Structure formats: C-alpha cells, structure tokens
Amino acid sequence: MTMEPVDALRRIAFLLERSRASTYRVKAYREAANTLLEIPEERVRELVTTGSLKSINGIGSSTAEVIEQAVIGQTPDKLKDLEASAGGPLAPGGEDVRAALKGDLHSHSDWSDGGSPIQEMVASAMEIGHDYLALTDHSPRLTVANGLTAERLTKQLKVVDTINAALSGNGSGFTLLKAIEVDILDDGSLDQSQEMLDALDIRVASVHSKLKMDSGSMTRRMVAAASLRHTNVLGHCTGRLVEGSRGKRAQSTFDATAVFEACRDNNTAVEINSRPERCDPPDDLLALAVEIGCLFAIDTDAHAPGQLDFQAYGCERAQRLDVPLDRVVNTWDLPDLLAWANPGD
C-alpha cells in the first residue's frame, strides 16, 4: 500500500515514540514532515528527481530516503522495519478494555513539557480511534515542566476553541477537552485559581513535589485534594518510577484506604497511569481501589503523539485485575463524562 511522504514520516515518528525512542531521533522525522507540508507536491517530486531533497533545511539523509521511497510508491524501508519491530501489540491482553475506551484524560503538549504541538496530539488521537482527548498541560508551580500561568492557560483555551471549531466544521466528531494536570500543593489545595478551574472540562490533580513527605501528612494532603469539587482524577497517586531514563523512585507512603475512600465518596477517579515507567498505582493498590469501589481513568500521561498508544499497558492491568468497565470514566460517552466532571453545570 502506497503512502504519502508526510504520512510516512509521521508514522515513523509515531512508532519511534511508541517504542520510547529518544526525542532527538523522533524530532528529525516530525520536522521533515512539517517542512514537506510547506512545499508543493510537484516541487517535492522535482527535488526527488534531481536528488536535491537534502538541500532543503529540515530534511537530512534518513528523512530524504523515506521521502524518495514514498514518492515512487514504495513503502519506505525505515517504516517497514519499524512496523515489524515496534508496530505490534504493546502488552498481552487488555483488548476488551481498550476497545471500550473512548478517550484519554491525561496528555501534554509543547505548551508545557510535551514534545509536540497540540494539533499533532489531536491528529494522532483521532487516528487511533479516540472520540476525545483531554489536554492536561502542567500548572504554574511546576516550573521545571514549563507549567502554564493563568494567562498562558487562558491563551491555550482559546487555541482549543479554535481547534474544536475546525473539528466541528469538518464533521470529525472529535473533541479536544479543556483540561489541566494541576499540582496538589502541600496542604491539599490545587495550584490554579478557582476561576480558571471553573473554565475547564477536566482536572487531573497530581502530587509532583515533596514525594517523601511522611505518611500522615501525605494522607491528609491527598484526601484533601481528592475531596475538592474541582478534582476529577487523582493522577499517578504514588509518584513512583519503576524504570526509564529518570531512574527508579520509591512510591510515596500514605494510608491508601483513606485516600481511595475519599476518592469514592467524592466521585474522584483514580488514575491508572499507563506510562510503563510509572505503572501507577501498583497492582496491590489498584486491587484495593477496585475493592473500595472507586471510579477509574485509564490514561497515558502522553508527552508525545506515539505515547498515546501507551493505554495498552493500562488496559492490560485493568483487565487482569478485574476493574469494572462501567467504573472506567473514559469508557463513557462525552456528555456523560462532562456531566460527571462538572455536576453543577
């Protein structure tokens, strides 16, 4: 099957991200795709014919080879190799859960610490079959992740409106949700103004600081946050890291029963964070949350388009640990999801 050069470059980038390749390796393919979009098709063919592709800024040897092969109707060798090595299932099992999911409630763009523009995240979410995606860039105090001030978040919400207007105009049926991953502060309050939180569709609240806080203090902090009306999802609750380039990090200690009961009693979903380096909460705590009766959100915490496929990891865990599908909020249709997240509207 033939593929347009831009699509081939984007697919290669997606598969590299999906396989957790370095950002540097991926960047070349996404930059080449963006460069190619600005060049008329006839000019691209002319550059291929004359062997001049590499004279264009943003196109190097590897990306030129992909473009050349796609232009003459071949599946690029790089793409074939990646489809064979990285295109298969990410996790054994979980297919029934994945088929029931309608969206993802935790993703990041280059407005904070993600690697791609919002539009690229949207395009990939649509391609993998989602009905909605929550754009949850970080809040102000997480400066290391370029967290959004209220002013920057206000600007982002206007961008989201523009994107949704375009999506509505072309009849895609897809919605980009106005959202945030908001820091849980030491006292359990949230790192954004009430006014801004009111303007959002979804709020994921996560602990990113003082992860070694004593158990009693951390319990009070998380219970307070889970009980707030603006908290829809409790993100990566233990904060642990089990692998990856950032190394390992022990999970925070807290009274999990008290925290999950607060989530249950306040209709706050416990996130099943699908990032393989997080795998959070661990199996024993996830089983406890199921027993207590919590709601759940199976999210990717994607920082690049290809990472939106990480949901496979969370779905495998949810299916293996018998998480009831009707308690997974992102299996719900969008009107039901928004009614749950904003009950006063």
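Residues numbered from 1 in each chain as written. Predicted model: local features only at pLDDT ≥ 70, side-chain atom pairs only at ≥ 80, totals over all residues. Heavy atoms only, no water.

Visitor: It is not clear to me how the overall build of the protein chain should be interpreted in this structure. Could you clarify?
Guide: Helix and strand counts for the protein chain come out as 14 helices and seven strands. The globule rule puts the C-alpha radius of gyration for 345 residues at 20 Å, and the 21 Å found for the protein chain is close to it. Over its C-alpha atoms, taken along the principal directions, the protein chain stretches across nearly 70 × 40 × 35 Å. By residue count, 53% of the 345 residues in the protein chain fall in the buried class. (Helix = DSSP H or I, 4+ residues; strand = E, 2+ residues; numbered from the N terminus. Rg over C-alpha atoms; globule rule 2.2 N^0.38 Å. Buried < 20%, exposed > 50% of the residue type's maximum accessible area, 1.4 Å probe, protein only.)

Visitor: Can you walk me through the sheet that holds strand 7 (residues 295–299) in this structure?
Guide: Backbone-to-backbone hydrogen bonds join strands into a sheet, with any given pair of strands oriented parallel or antiparallel. Taken in spatial order, the seven strands line up as 1-2-3-4-5-6-7 in an open sheet, and their pairing is parallel. In this open sheet, the two edge strands, each paired with only one partner strand, are strand 1 (103–104) and strand 7. Direction of pairing for strand 6 (residues 269–273) relative to strand 7: parallel, over a ladder of five bridges. Looking at the pairing, Glu271 lines up with Ala297 of strand 7. (Pairing = 2+ DSSP bridges.)

Visitor: I keep staring at the packing of helix 7 (residues 118–127) against helix 8 (residues 150–169) and nothing clicks. Help me out?
Guide: The packing of two helices is summarised by the inter-axis angle and the distance between the axes. Between helix 7 and helix 8, the least distance of the axes is 11 Å, while the angle of their chain directions is 40 degrees. Here helix 7 is positioned oblique relative to helix 8, judged by the angle of their axes. Handedness of the helix 7/helix 8 crossing: right-handed. Residues Ile118, Gln119, Val122 and Met126 of helix 7 form the contact with helix 8, whose participating residues are Gln156, Val159, Ile163 and Leu167. Class assignment for the residues of the contact of helix 7 with helix 8 results in six nonpolar, two polar and no charged. (Axes fitted to C-alpha atoms, helices over the stretch in contact; angles between N-to-C directions. Parallel < 35°, antiparallel > 145°, perpendicular 65-115°, else oblique. Left-handed = near helix turned anticlockwise from the far one by under 90°. Contact = heavy atoms within 4.5 Å. Nonpolar A, V, L, I, M, F, W, Y, C, P; charged D, E, K, R; others polar.)

Visitor: I tried to follow the pairing of strand 7 on my own but got confused; where do I start?
Guide: Moving residue by residue along a regular strand, the side chains alternate between the two faces of the sheet. Judged by how many residues are buried, strand 7 sits mostly within the fold: five of five residues are covered. At this point the chain moves from strand 6, through helix 12 (residues 283–292), to the parallel strand 7, and the crossover so formed is right-handed. (Right-handed = clockwise from strand over helix to strand, strands pointing away.)

Visitor: How should the environment of Gly51 be read in this particular structure?
Guide: Tracing the backbone through its elements, the reader meets Gly51 in the loop between helix 3 (41–49) and helix 4 (61–71). Sequence separation between Gly51 and Ala64 is 13 residues; the distance between their C-alpha atoms is 9.2 Å.

Visitor: Help me out: how do you make sense of helix 13 (residues 311–320) in this one?
Guide: Those residues of helix 13 that fall on the buried side of the exposure criterion are Gln311, Gly314, Cys315, Glu316, Arg317 and Ala318. Against helix 6 (95–100), strand 1, strand 6, helix 12 and strand 7 lie the buried residues of helix 13. Positive backbone phi, at 60 degrees, marks Asp322, one or two positions downstream of helix 13.

Visitor: What is the right way to read the nonpolar core from this model?
Guide: Grouped burial of nonpolar side chains is what soluble globular proteins tend to show. Counting 43 residues, the largest nonpolar core has Met222, Phe254, Phe260, Cys294, Phe296, Ile298 and Val323 as the members making the most contacts within it. The contact partners of Phe296, leaving out residues within four places of it in the chain, are Ala269, Val270, Ile272, Leu286, Ala289, Val290, Val323, Arg327, Val328, Val329 and Asn330. Grouped together as the second largest cluster of nonpolar side chains are 26 residues, Leu15, Val26, Leu47 and Ile67 included. (Core = buried A, V, L, I, M, F, W, Y, C linked by side-chain atoms within 4.5 Å.)

Visitor: Would you mind going over the pattern of salt bridges with me for this structure?
Guide: Oppositely charged side chains can form a pair if their charged atoms are brought close together. This model, assessed by the stated rule, comprises 23 salt bridges. The closest approach of N and O atoms between Arg264 and Asp265, which form a salt bridge, is 2.9 Å. A relative accessible area of 33% means that Arg264 is categorised as partly exposed. Shared partners join several salt bridges into a network, and the residues in it are Arg10, Glu17, Arg30, Glu120 and Glu127. (Salt bridge = Lys/Arg side-chain N within 4 Å of Asp/Glu carboxyl O.)

Keep in mind these numbers describe shape, not what the thing actually does.
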